[in-house]
Amino acid sequence: MSAAASVLEDSSRFSRIDRWLFKLESFLNLAGGVVIFLLVFLATVNVLSRWLFSSPISGYVDWVEQAMAFIAFLGIAYTQRMGGHIRMDIVIGQFHGRTLWFTELLSTLLMLGVNLVLIYGSYLHFWRAYSIGDSSLDINLPTWPAKLVVTIALTILALRLVLQIWGYLRALVAGSSRPVGVPLIESAAEVAAKEAETVSGHD
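Residues numbered from 1 in each chain as written. Predicted model: local features only at pLDDT ≥ 70, side-chain atom pairs only at ≥ 80, totals over all residues. Heavy atoms only, no water.

(A) Expanded view of the packing of aromatic side chains. The full count for this structure, using the stated rule, is nine aromatic pairs. Aromatic side chains Phe126 and Tyr130 sit 6.1 Å apart centroid to centroid with 35 degrees between the ring planes, which places their arrangement in the tilted category. Highlighted residues: Phe126 and Tyr130, both in helix α5 (residues 97-132), separated by four residues, approximately one helical turn. In this structure Phe126 comes out as buried when scored by relative accessible area, which is 9%. For Tyr130, a relative accessible area of 44% corresponds to the partly exposed category. Of the aromatic side chains, those joined through ring pairs into one cluster are Tyr123, Phe126, Trp127, Tyr130 and Trp144. (Phe/Tyr/Trp six-rings, centres within 6.5 Å; stacked < 30°, edge-to-face > 60°. Helix = DSSP H or I, 4+ residues; strand = E, 2+ residues; numbered from the N terminus. Buried < 20%, exposed > 50% of the residue type's maximum accessible area, 1.4 Å probe, protein only.)

(B) Region of interest: a nonpolar patch on the surface. There is a patch of nonpolar side chains on the surface, built from Leu30, Val34, Phe37, Leu38 and Phe41 and spanning about 540 Å² of accessible area. Inspection of the secondary structure puts Phe41 in helix α1 (residues 13-53). (Patch = residues over 30% accessible without salt bridge, like charges linked within 9 Å, V, L, I, M, F, W, Y side chains within 5 Å. Areas by Shrake-Rupley, 256 points an atom, 1.4 Å probe, with all protein chains shown as cover. Salt bridge = Lys/Arg side-chain N within 4 Å of Asp/Glu carboxyl O.)

(C) The arrangement of α5 in detail. Its 36 residues give α5 an end-to-end C-alpha distance of 52 Å, which sits within 8% of 52 Å, the value for a rise of 1.5 Å per residue. Turning to α5, its buried residues are Leu100, Trp101, Glu104, Leu105, Thr108, Leu112, Asn115, Ile119, Ser122, Phe126 and Ala129. Where α5 terminates, the next one or two residues include Gly133, which has phi positive at roughly 70 degrees. (Expected span 1.5 Å × (residues − 1).)

(D) Main features of the nonpolar core. Trp101, Leu154 and Leu157 are the most contacted members of the largest nonpolar core, which totals 29 residues. Of all the secondary-structure elements, those providing two or more residues to this core are α1, α3 (76-81), α5 and α6 (144-174). If you tally residues by element for this core, the top one is α6, at 13 residues. Sequence-distant contacts of Leu154, that is, excluding residues within four places in its chain, are made with Phe73, Ile76, Asn115, Leu118, Ile119 and Ser122. (Core = buried A, V, L, I, M, F, W, Y, C linked by side-chain atoms within 4.5 Å. Contact = heavy atoms within 4.5 Å.)

Purely spatial values, then, with no claim about function.
Structure, rendered in structure tokens:
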């Protein structure tokens, strides 16, 4: 599984691009959180309406189905930047130096290849839904916005993966032990120390 990771920054052009993209990723992640909040609010209203007035919200299931794409995909690039996706750190964590960066480079290239295929497939699904006017079964919500957000989120993820490939290449060439712009695996002790600082309120 994935351990916590940190991302270093400096004044280089690479780091500035990383921070700019991170702002976009953070905004999309926040938007995903807002969708979750609205969905919880909708569920609460639906339950209360059913209980008090025996009249649930019309098309509730349709709204939930469309929201799932926003919840699942808007934070995907943010999670990649923070090193939060599930992976075999028990293996990767044993590598150091150029061996580690070469392994990370190969895995990121593989992820990019798979992601590009997913972008192509999700765009075809979006375009088909938009072209035929596909809609949900109950209240006829158009399905293309949810399908389009998948393509957009995966495209942002592709940009993040390209940037990380650049970062791992820089680390591989320079032999750096702590490169900027890529997630660095933290030990359990480092994670615990950061959590303790957060709880205690110290920066």
